[in-house]
Each structure stands twice: as C-alpha cells, then as structure tokens.
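# Residue-level structural notes
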Amino acid sequence: MVTTAYGRAAAVALHAEIARVKRDDPLAPVTVIVPTNSVAVAARRLLASGELGPCSPAGLGIVGAQFLTVLRLAELLGSARLAATGRRPVSTPVVAAAVRAVLAQNPGVFRPVAEHPATEEAIVAAHRELSDIADAGLQVLARQSPRARDVVRIHRAVTERLAADWYSEHDLMVSAIDVVGVGSPLADQLGTVVVYLPQRLTGPATRLVRGLAERVDVIVVAGLTGDARADEPVVITVAALDAKVDEAAFAPAPMPGTTRAISVSDPDDEARAVVRELVDAMRAGVPLERMAVLFAASEPYARVLHEHLELAGIVHNGAAVRTLRESVLGQALTRLLALADGGFRRDDLLGLLAGAPVVDADDAWERISRGAGVVGGLPQWRARLADYAASLGTEAWDERERARVERLRAFVDALATDVDPASVGESWSAKAAWCRRLVRRWLGDERRRESWPAFEQEAARRVDAALDRLAGLDTVEAAPSPAVFRRTLDLELTNAYERVGRLGEGVLVGPVAFALGVELDRVFVCGLAEGTFPAVPRDDPLLSDGERAALSGELRLRADRITDDHRALLAALAAATGERVLCVPRGDLRRSTEHVPSRYVPSDVDTFEVASFAHGLASVAFPATAHEYDVRSVLAGAPPGTRAVQRAADLVDARRSREFTRFDGNLSHLRDRLAVVGPASERVVVSATRLETFVACPHAYFVKHLLHVYPVERPEDVIQLSPLDRGSLVHAVLDRFVRGGGRAADRTDLRTIFDEECARVEARGLAGRRLLWNRDRRVLWAELDAWLDADTEYRTERGAETLATELAFDRLEVPLSDGRVLRFRGAADRVDRAADGRLVVIDYKNGKPDSYRGLGPDDPVLGGKRLQLPLYAYAARAAFDAADAPVEAQYWFVGRGGDERIGYEVDAAVDDVFDQVVRAIVDGIDAGCFPSVPEPPGPRMWVGCHYCDPDGLGTGDRWREWERKAAAPAMEPFTSLFQSDE
C-alpha cells in the first residue's frame, strides 16, 4: 500500500514501484490497473519519456508493462470463456429491447408510462447499476418501496431473458474472477499488479483484484487530496481491497506555482478569456500538451471551448462535441425515417434537402413549394403542385418551371413510397436492410461518399456498423414497431460520440476527471459557480438516495457525484506544476441567470474581473485571434488589418459625426453604381403605392424598390388569413359581382361567387388554420352582405351606373408643374357615373379607416401617405375622355356596416397639393437620400417604421439629429415641405 498526492507525486510513486519490481529483472511483467484510458496513456508516456529516470537498471523503460482499465483486464481474462458458450457482449439497444419485452408482459407500477421512452431509458440505466449488486442486496432494495420492488423484478427478468445469448460487464467480471480462481496461466502472466489511483470500484471489480492478490503481488498506489470528505470514497475502495490508508500520516505538500481567479460575464466570455490565457502561455514557452482546460458541465462548455479554440487555430484534444446523429448521414437517415411521422411536412422535407446531398435534388424546389402554398400532407403536395403548374403560362421560363414542378412531384411520390414503414418487414434485420436501401437510393453509395470530408466518411462507416448491430436484435425482440426502431437507432447514433483529436496532441479539453494522473504546467478550470460546479444533485426517479442508502454503500448515491467532482477538481489542481486559473462566470445569458462563485474557489486568491467583452479586449496583453487583433487596433486608434472591421469602424464613426453620410441614408454618391433611376425617367413606370412607400419609410423604399429585397413568406407561418389576402379576396368577389351587374336581388349570386373565391384561397394555402378560417369566412360574408345593402342604397340615392371595374392603366402620364412627367400604373376598383353626370371613383378597403381620418379637400393626400384617389380620378378622366368632367373619389370601407366612405371631389386645389407633394417625393428619390433614423409623425410629415426605428425611440433627440444632418443642399427641396408647420 502506497499513499501519495495527485499530480507529479503520484507519477513518481508509480515509477518507484515499477522500478522496484524490475530491479532484478528488467523484463519482469507488470500490469497497471488505471481508472481510465486517459490515465493509462498519460502515465505510459511520462514513464517512457525517461523524465522520471529509467524504470529498470538496464534502462529499458517500461518494457513488459501494460496499462489496463479493470474492465479491459476482465475482458482479457474472461471473454474467451463466455465466447465459448456462444454468448455475445450486450449493448444498450439489446438491454432496451429486453426491457420493452418485460414491460409488455408485466409493467407493474409502470403501467401508465410503460411505453414512454423516458421510462425505458431510466430502467435501462437502473439495470446496469443493479447488475453489480448481489442477490441479498437486491432483496433489501426491493423491500424499500413498491416502485423499488418492481425495478428489481424487471431487472431480474431482463437478466434472465438475456442470459442465454448475451453477457454484460458484470458477467465479464464474474467470468474473470472464476478464471483467476481456478489458477489460469493468464493470471500468472500478469506479473505484479499495480492498482494506480483507484477511485470507486464496483463489488465484482473489487473481488477480481482481491482474487489476483491471492496469486500475484498487488500494489495499491492511492492518491489523496488531503480533504477527508473528498478522499472518503478512495479510502473505502482501498479498505475493500484489504488494504488500509493511513490518512493521519498523509500530509499533502503545498501545491507548486500559483493560483488565481478570473471573473467573467458568461460561459462565452470564459472561453474567450481562456483562449487569451493559452496564447499568453504559448508566448511564454509553455507547450500546448502541458496545458488543460477543464469543466464540470459539458453543456455548454464542451462546444463553446471547441469553437473558440478552432477560431484561434489552437490544436486541442479531449471531450467530444459531435455525435453520429449530428453527422451528415446520421441527420439524413433520422430525417428520412421521420418524414412519414410528420405527414410529409414541407419543413421536414426541406430540412432533409438542406442538410444532406440528396440524389437528384433541385435548389428550386424550396421556392416552388413555397409558391404553391404547400404545408404538408401527400394529398396537398399533389394537389397544390398541380394547381401551381396549371397557373403557369406558355413562355420558355414557365415551361422550365413546369418541368421542375413535375420533377418535384415525382420526387415526393417516390420518396413517400420508399419511407413508408408499412411496406417493410417486421423484424430488426428487415428494418435495418430497409435503412441501408434508403441510404443508397437517396444519399448514394460508398463511391459517392468518397468526396465527403474525412470525418463524414468515418461517421458514415460507423452508422453502417450501428445498423449491423440493430440487425442482430431479432433474438431479443421479434417485431419492433417503427417508432421503437427509430428510437433505438437514434439512441445508437446519439451515444456514439466522436473524440476530438488525439490525447497528448495539443491542449487537453474535457471534464475535470480527464486530468486525473496527468502532469501539467497550467490548468484552467471553467464554470466555477454554484449550481454549475458543484452541480445541483438530482435524485434518481426510480431509486432514490434514501432507498440506495439501505445497501450501505453497494449502490452509489446521486449525491456522491458532488464529492467525486470535488476530488477530481483537487486532483486536477494538484496536476499543475506551474499556474492554476479558476474561471468564475457571473451569469449565463442562455438562461438569463446570475451566479455566485463556487464554494471551491478559495477566498484568498487574487481575482481579476473582466467587466465586458470590450474590457477584455482592452486589457489583454496579446489578442488571441485575428478578429480580436483588428478590433483591438480600432480601440487603440490604429487601422485594422481587415476590410470588414474597417467598414464597421467607418460606420460607427460616421453615425457619431455631424455629417449626413451614407450610413445615415445619403446614397447620392452611389447613384450610378446602384442604377438609381428617378421616377420621372421615361423608362420608369411607378405606382401610387410605390411613392407612398417612400413617404412612409425611405429606407423601406430603398430596400424594396432599389435593392429588390422582399420578405420570404412561408406557407407554414400562415396562421390566419392575412390582411393583404383578405383584401384581395374581397376585391375579387366585388369585382366579379359588380362586373356581372349584380344587385341586391342577386344575393345568392354574391354568395356563390364568395364561396368560389374562398375555395381558391384555400387551394393556394392562404386561409390559415381551419378554426380561424371558418370564423373569418363568417365575418367576411357578414361584411359583404351588409355592403350589398349599402351599395343598393348608394345606387338608388345617386342614380349611379357602373362604367368599369378594375379599370387598369399602364403608362398614365401625369405632368408636374416643373415640366417633369411621371408615368403611373395601377387599377381603380370601380368607376361609376352618377345621375348628375359626374364620375365617381371607388377604391375598396377592407381594414380599419382610422389611418384615413383627416383625409379631405384640405388634406387630400395626407402628406403623401394616400396618393391613390387623385391618381384614379386622372385615370377615369382619361379612360372616358372626360378631361373637364367633375370627379368624386372615395375610399369605400367594406365592413363596419358596409357603408363608410371617405373621399372628396378632385378639383384644381387637389391637383395643386398632389403636384406639390409628388414633386417633393421625386426630389428626395432623385437625391438618393434614404434616412435611417426615425421621423416624427404629424401633419405634413412622414412617419418612421420598424426598419428605421428598431428601438422604438420615436421622436425627440434622434429626430433633431436627423434634421441637422438633413440640412445638406441635396435634401432642401425634399425636407422643406415635410418640415413646414402647415
């Protein structure tokens, strides 16, 4: 029995024991039992390096020494005997299949949740723990509660079901114990056995080591931290090996080097701070392989640290951040099998196409399915794609589009046939073969995968191996359901982690237990906050700690994990011969929580607080990445090295300046490059809505009409009929009805037209959810029914006769007073002739009239926000050759009783206001000024929108800033009208 501190002291003790064994015979066999494979690699490399001196007088290093975990040792000793009986090693899917079979026969207290995946997962985990408990202990546990009794019953039934064909880790240990007990030569070949840094050993593992001690010399090199509570599990383990730890005689030496802490805002800033510390250490000459970054919680630290180290180009190894399920083939196979579950939702299919190189896929299919209004369901795919194809014209582009639609339809039909689980056999092997066919058909064979990255190729091979394992489950479960098969495959792919890098190459990154037995120069520990390290203990839902305690230590308590993490932390800190850096996050932005420092952070260590990302950049001695270097240069007033950061710096400086710059909306210097063509150009035909867009928000005008950027409207997002589609539906119904000469007596015809247009809306996928659509239909019909009564009353009162509906005009020329001519396009909903001979232009509206209040002869265009009525009046005069005829223009709000109308007579005064406003708008567009700060609402002023005012600040200081910057000469004609007090 040898007692030692962790770190270099433990390695020295191990070296001394091996050297003592090999003193007389340099080739004497030695077997070192280690807690983990990483400890084996670290110890072997350190001893082989000769840094601690030769392991034998002949200087032969570690020849004849092998480093094994206790499970690997049991495999060497006992697997041959088990294999001779025809049994195979059990895996998690095999155990899960047996658990499902037992639950199906007698679920006991688990009857309400017997088919839930979480129940299966919890019982599988409990079965693995109970496998090492003797029968007497199981009887004690079964007496604790009805739930515990059923857990023990299911465990025994699963063990019995698997015993004939499979063997577990427990069976392997028992077989190894038997081999040692009968005096097998295999045990004698082990030589002297050294149990190096034992942690917690199971009962069978303890018996195996004790059995070895009866045949060969066994040396225990136990590591202690000096903290009695943290060392208690090690003391108990050593006592179970018939050895004894003299804790009173153990006096741990002070840790070499220094310890300090860094307080940061959140885990992401922790990662940045650690990377900067690593760069500083590299500059000081510390090799990467002599440093480790450790954490207690894999989420989020494993992935965050990996990403920041990759960004900095720092080689590292350790904790896995990707599973096979996250590989291209793993994701694609999972999505293929889930398509039928979701009823072939468009989102699911496009997720498959976007995440994998699907054979014969077309990038245009997303746009086509969106345009067709497909949401999900095979009937909808077929019907709406057919409707979309039928709506196309006969031009060359339409023909190509129609061909793409046909290929998409054929693709969906073929895919639906292939992924249908009803056509597949019931056995595991049949379903595994089905998966292989899906992969070959839709993702290609091995030859096609040769162009994939190396990781993806290896992941694909491992996915194939997982399918092979599932194919062997027929002896355990005869006919799994498709849901069970997918869940088991998902479990296989999720548990198969891919380790990052090779141990010893670069910085070690992983949980604190990774540093056990490793000698390091610098150690960085992340996440030292209460609730994270130590984590909050959570009781087992099946076997509580109170029930586990009845076994007097045979079954590990969930609360013991805090002790294990503490011991691992102390061991990791002892591994550092130079500096230890403790990182304390003050919060977590992912969960909007605040943290306090962990109890494991000494109160007397020096703590450096990184107040923010900017503070960290400003205070670091040397930036860790090229981007940090550029930003640091900007903060220091020096030019950055990349154009991207320079552009960002230019933006900040310009927005702070007193000049009206391109970052505030002055794009006049880019007119030629942007191909800005003014509305008065002979080549341009505009609409009233387009000019109104500029009045409402110049930036929106710039984005939509100059950059041609439009929002993507996804059919999945349609919950309710949109206001735009609602208006289009009402316009279509009224146009057909009025054009057909409809009157109040033709209410049935109006209802027929309404139902037909509603059917068209449904076919295009615009109606939204059924419940809301049914309500909208009732409301719309009530509004149209009321409109019919109001229209009858209007016709009788005015003696009105409809001359045209949807009066379209395409190059309507409207001369301005300064000599320029604008060409407009549009369509007036309805033109009537009253009994007194005047024309009445009507524009139907289906929304609230609130934003139209104040419209009248005194303010006929609401400061440029409502330009349609005068324009429609000009179009009506031109269409009916009535240049001097009086015209009355009005908005008719369908609904709200069906008869609310707002309008005025278009006379010379209205013409003057229209001319003045349109000239100001054209001047602003021609000047290339698209301000990106908000403007105040009010008479004769345009208003801001969410493009210009994302913070909702509205008016005030930002308006005054815009007004000051807009004093540029190019803006004078544009701003003079809208800043007036009229």
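Here is a short report on the structure shown in this document.

Turning next to the packing of aromatic side chains. How two aromatic rings sit relative to each other is given by the distance of their centres and the angle of their planes. One pass over the full model with this rule turns up 15 aromatic pairs. With centroids separated by 6.4 Å and ring planes inclined at 20°, the aromatic side chains of F295 and Y301 adopt a geometry described as stacked. Here Y301 falls in the buried class, since its relative accessible area comes to 4%. A network of ring pairs unites the aromatic residues F737, W787, Y794, Y844 and W892 as a single cluster.

This paragraph deals with helix α27 (residues 643-656). Here α27 contains 14 residues, and its C-alpha end-to-end distance of 20 Å stays within 8% of the 20 Å for a straight helix at 1.5 Å per residue. When we look at burial in α27, the residues that qualify are V645, A649 and A654.

Following E299, the chain continues to P300 via a peptide bond in cis, the omega torsion being 10°. Of note, P300 is situated in helix α13 (residues 298-312). Although it is not a glycine, E806 sits at a positive phi angle of roughly 50°. The topology assignment puts E806 in strand β18 (residues 801-815). Located in the positive-phi region is D881, a residue other than glycine, with phi close to 50°.

Running from amino to carboxyl end, helix α14 (residues 328-338) crosses helix α15 (residues 346-355) at an angle of 160°, the nearest separation of the two axes being 10 Å. Classified by the angle between their axes, α14 and α15 sit roughly antiparallel to one another. Viewed along their axes, α14 and α15 form a crossing whose handedness is left-handed. Packed against α14, whose contacting residues are V328, A332, R335 and L336, the element α15 presents G351, L352 and G355 at the interface. When the residues that make up the contact of α14 with α15 are grouped by side-chain class, the tally is 4 nonpolar, 2 polar and 1 charged.

Working definition: the strands of a sheet are paired by backbone hydrogen bonds and lie parallel or antiparallel to each other. Strand order in the open sheet made by the 5 strands is β18-β19-β20-β21-β22, with mixed pairing throughout. The open sheet has two free edges, formed respectively by β18 and β22 (900-906), since each of these has just one partner strand. Between one strand and the next, the sheet's axes are offset by a mean angle of 35°, whatever the strand orientation. Bridge analysis of strand β19 (residues 821-833) against strand β20 (residues 839-845) gives 4 bridges, and the strand direction is antiparallel. Along β20, the bridge assignment pairs V831 with V841. Where helix α34 (residues 868-879) meets the sheet, it contacts β18, β19, β20, β21 (887-893) and β22, and its direction lies at approximately 100° from that of β18.

Turning our eyes to something else, we now look at the packing of helix α21 (residues 454-471) against helix α22 (residues 482-495). Between α21 and α22, whose axes approach to 10 Å, the crossing angle comes to 135°. In this view, α21 runs oblique relative to α22, as classed from their interaxial angle. Where α21 crosses over α22, the handedness of that crossing is right-handed. Where α21 abuts α22, its residues V463, A466, L467, R469 and L470 lie against F485, T488, L489, E492 and L493.

Another aspect to go through is α14. Listed in full, the buried residues belonging to α14 are L329, G330, A332, L333, T334, L336 and L337. Its buried side turned inward, α14 meets α15, α18 (396-419), α19 (428-443), α20 (446-449), α21 and α22.

Right, let's talk about the pattern of salt bridges for a bit. Pairs may arise between side chains of opposite charge once their charged atoms sit close together. Taken as a whole, this structure holds 79 salt bridges when the rule is applied. D348 serves as the salt-bridge partner of R345, at 2.9 Å between the closest nitrogen and oxygen. Assessed through its relative accessible area of 42%, R345 is described here as partly exposed. Given the relative accessible area of 22%, D348 is considered partly exposed.

For the coordinates displayed, the defined rule picks out 0 disulfides. This cysteine, C526, is not joined by any disulfide, and C583 carries the nearest cysteine sulfur, 4.5 Å off. Residue class for C526 comes out buried when judged on its relative accessible area of 1%. Owing to a relative accessible area of 1%, C583 belongs among the buried residues under this scheme.

Rules used throughout
Residues numbered from 1 in each chain as written. Predicted model: local features only at pLDDT ≥ 70, side-chain atom pairs only at ≥ 80, totals over all residues. Heavy atoms only, no water. Phe/Tyr/Trp six-rings, centres within 6.5 Å; stacked < 30°, edge-to-face > 60°. Buried < 20%, exposed > 50% of the residue type's maximum accessible area, 1.4 Å probe, protein only. Helix = DSSP H or I, 4+ residues; strand = E, 2+ residues; numbered from the N terminus. Expected span 1.5 Å × (residues − 1). Axes fitted to C-alpha atoms, helices over the stretch in contact; angles between N-to-C directions. Parallel < 35°, antiparallel > 145°, perpendicular 65-115°, else oblique. Left-handed = near helix turned anticlockwise from the far one by under 90°. Contact = heavy atoms within 4.5 Å. Nonpolar A, V, L, I, M, F, W, Y, C, P; charged D, E, K, R; others polar. Pairing = 2+ DSSP bridges. Salt bridge = Lys/Arg side-chain N within 4 Å of Asp/Glu carboxyl O. Disulfide = S-S within 2.5 Å.

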